[in-house]
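Chain by chain, the residues run as shown.
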Amino acid sequence: MQIGIIGSGKVGRALGAWFAKTGFPPLFASRNQTHAMEAAQMAGYGAKIATTTTLVKECEVILLALPFDEIGNALEPAREHLAGKTLVDATNPISPDHRALVIGHMHSGAEEIASKFPTAKVVKAFNAVFAEVYAGQKAQIDGRAITIFFAGDNSHAKATVREMITKLGFDAVDAGPLANSRYLEPLSLLNIHLGRVLGFGTEMGFSLLRTPKSLSK
Ligand SMILES: NC(=O)c1ccc[n+]([C@@H]2O[C@H](COP(=O)([O-])OP(=O)(O)OC[C@H]3O[C@@H](n4cnc5c(N)ncnc54)[C@H](OP(=O)(O)O)[C@@H]3O)[C@@H](O)[C@H]2O)c1
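For every chain, the first residue of the written sequence is number 1, and numbering continues from 1 along that sequence. Where local features are concerned, this predicted model is filtered to residues with pLDDT of at least 70; where side-chain atom pairs are given and counted, the filter is 80 or more; whole-chain, interface and lining totals use all residues. The side-chain numbers reported here are obtained from all heavy atoms of the structure, hydrogens and water having been left aside.

(A) Region of interest: the overall build of the protein chain. Along the protein chain, the regular secondary structure elements total eight helices and ten strands. Judged by the C-alpha coordinates and their principal axes, the protein chain covers about 45 × 40 × 35 Å. With 217 residues in all, the protein chain has 51% of them scored as buried. Counting contacts in the protein chain only where the partners sit at least 6 residues apart, residues at least 24 apart contribute 69% of the total. Summed over all atoms, the accessible surface of the protein chain reaches about 10,200 Å², with 54% contributed by carbon and sulfur. His is not counted here, nor are the chain ends, while Lys and Arg score as positive and Asp and Glu score as negative. Throughout, a charge is located at the NZ atom of Lys, the CZ atom of Arg, the CG atom of Asp or the CD atom of Glu. Separation between the mean location of the 22 positive side-chain charges and that of the 19 negative ones in the protein chain comes to 4 Å. Only DSSP runs of H or I with at least four residues qualify as helices, and only runs of E with at least two residues qualify as strands; both kinds are numbered from the N terminus onward. Burial here depends on accessible area, computed with a 1.4 Å probe over protein chains only, as a share of the maximum for the residue type. Under 20% is buried, over 50% is exposed, and the range in between is partly exposed. The criterion used for residue contact is that any of the two residues' heavy atoms lie within 4.5 Å. Surface accessibility follows the Shrake-Rupley procedure with a 1.4 Å probe radius. Residue values consider only the protein chains on display as shielding.

(B) Region of interest: the pattern of salt bridges. Every case where a carboxyl oxygen of Asp or Glu lies within 4 Å of a side-chain nitrogen of Lys or Arg is listed as a salt bridge. Evaluation of the coordinates by the stated rule reveals eight salt bridges. Here Glu 38 ties to Arg 13 by a salt bridge, and the two come within 2.8 Å at their closest N and O atoms. Here the residue Glu 38 occupies a position in helix 2 (residues 33–43), and Arg 13 occupies one in helix 1 (residues 10–21), the gap between them amounting to 25 residues. A salt bridge links Asp 174 to Lys 158; the shortest N-O distance between them is 2.8 Å. On the criterion of sequence distance, the pair formed by Asp 174 in strand 10 (residues 171–174) and Lys 158 in helix 7 (residues 155–167) is long-range, its members being 16 residues apart.

(C) A look at the site of the ligand. Throughout, near means a residue has at least one heavy atom within 4 Å of the molecule or strand. Around the ligand there are 24 residues in total, and Val 11, Asn 32, His 35, Leu 66 and Ala 131 lie nearest to it. Here Arg 31 contributes a side-chain N or O atom positioned 2.9 Å from an oxygen atom of the ligand. Note that an oxygen atom of the ligand is positioned 2.6 Å from one of the backbone N or O atoms of Asn 32. Here the ligand loses 83% of its free accessible area of 900 Å² to cover by the protein chains. Of the residues belonging to the shell around the ligand, the class tally is twelve nonpolar, nine polar and three charged. Whenever a nitrogen or oxygen atom comes within 3.5 Å of another N or O atom, the pair is scored as a polar contact, on the condition that within protein one atom can donate a hydrogen and the other can accept it, and that pairs from neighbouring residues in sequence are kept only if both atoms are in side chains. Charged residues are taken to be Asp, Glu, Lys and Arg, nonpolar residues to be Ala, Val, Leu, Ile, Met, Phe, Trp, Tyr, Cys and Pro, and polar residues to be all remaining types, Gly included.

(D) Layout of the side chain of Asp 89. Considering the arrangement of structural elements, one finds Asp 89 in strand 5 (residues 86–89). Residue Asp 89 is classed as buried on the basis of its relative accessible area of 0%. Within polar-contact distance, the side chain of Asp 89 engages the side chain of Thr 91 at 2.6 Å. A distance of 2.7 Å separates a polar atom in the side chain of Asp 89 from a polar atom in the side chain of Lys 124. Each residue touching Asp 89, except ones within four places of it in the same chain, is listed here: Leu 64, Gly 109, Ala 110, Ile 113, Val 122, Val 123, Lys 124, Ala 125, Asn 127 and Glu 185.

(E) Examining the side chain of Asn 191 more closely. Inspection of the secondary structure puts Asn 191 in helix 8 (residues 181–197). Within polar-contact distance, the side chain of Asn 191 engages the backbone oxygen of Ala 128 at 3.3 Å.

(F) Structural detail: the sheet that holds strand 9 (residues 147–152). Any two strands are treated as partners once DSSP identifies two or more bridges connecting them. The eight strands are arranged 3-2-1-4-5-6-9-10 in an open sheet whose pairing can be described as mixed. Each of the sheet's edge strands pairs with one partner strand only, and the pair in question is strand 3 (48–49) and strand 10. Sheet topology note: the strand 1 (residues 3–6)/strand 4 (residues 61–64) ladder contains four bridges and is parallel. Each bridged residue has a counterpart across the sheet, and for Ile 5 the counterpart in strand 4 is Leu 63. Note on definitions: angles span 0 to 180 degrees between N-to-C directions of axes, and those axes are lines fitted to C-alpha atoms, for helices only across the stretch in contact. Sitting on the sheet, helix 1 touches strand 1, strand 2 (27–29) and strand 4, and the angle it makes with strand 1 is about 165°.

Next comes the structure, spelled out in structure tokens:
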């Protein structure tokens, strides 16, 4: 599985380095290719850079790790190559001060991406865990795995994303159809508020407690 990451900032670099370490060296793209190059060097294991269009052409799975309002600019030139690709949406449509969603709660950023790029298979995931957790490459806190919820409408794409989450050691929970991104995007704001405003810090995450019967969900 070739993973491509659009956005070489905090999330892109951290997840890219972790994927590389688990055997999936990604292709990185960014607005500024120097940043993509830094991300690839930091990741190692043969990670490389590409233009966004080449990345979309060459990768089956594309992680969106850029500001939500830049997604159109980034993907439009690559539109014709998006057919059948799994777009993993780690973004959050939040205001510049990180205090409010600019889309919600009757709609979501992920659904907006899917309606703009309907030939791609969009899966929401990785959006409600701090980049610092990804950078630390620890999916557990005090012996308990952090839950990463994912939502999407294509079962094949969701199975791929579940595998990506599980490979890193997180607890992957299928949160249903893509429309349920309406619940997952607000979760990111709760995460930010707890971590950065209420003093829990960034080494935290949500964990879904459930009975053994529903552990595989
Ligand atoms: N930070 C977190 O803890 C966290 C956690 C989960 C989800 N998220 C979400 O993940 C996304 C990225 O967050 P971040 O903290 O990693 O942001 P960041 O550090 O600011 O990085 C954003 C990256 O996106 C790139 N970019 C911007 N416009 C682009 C375009 N048109 N084409 C290609 N690349 C473009 C930037 O490129 P240049 O480097 O070239 O400027 C930069 O590398 C956001 O949507 C955020 O809400 C963040």
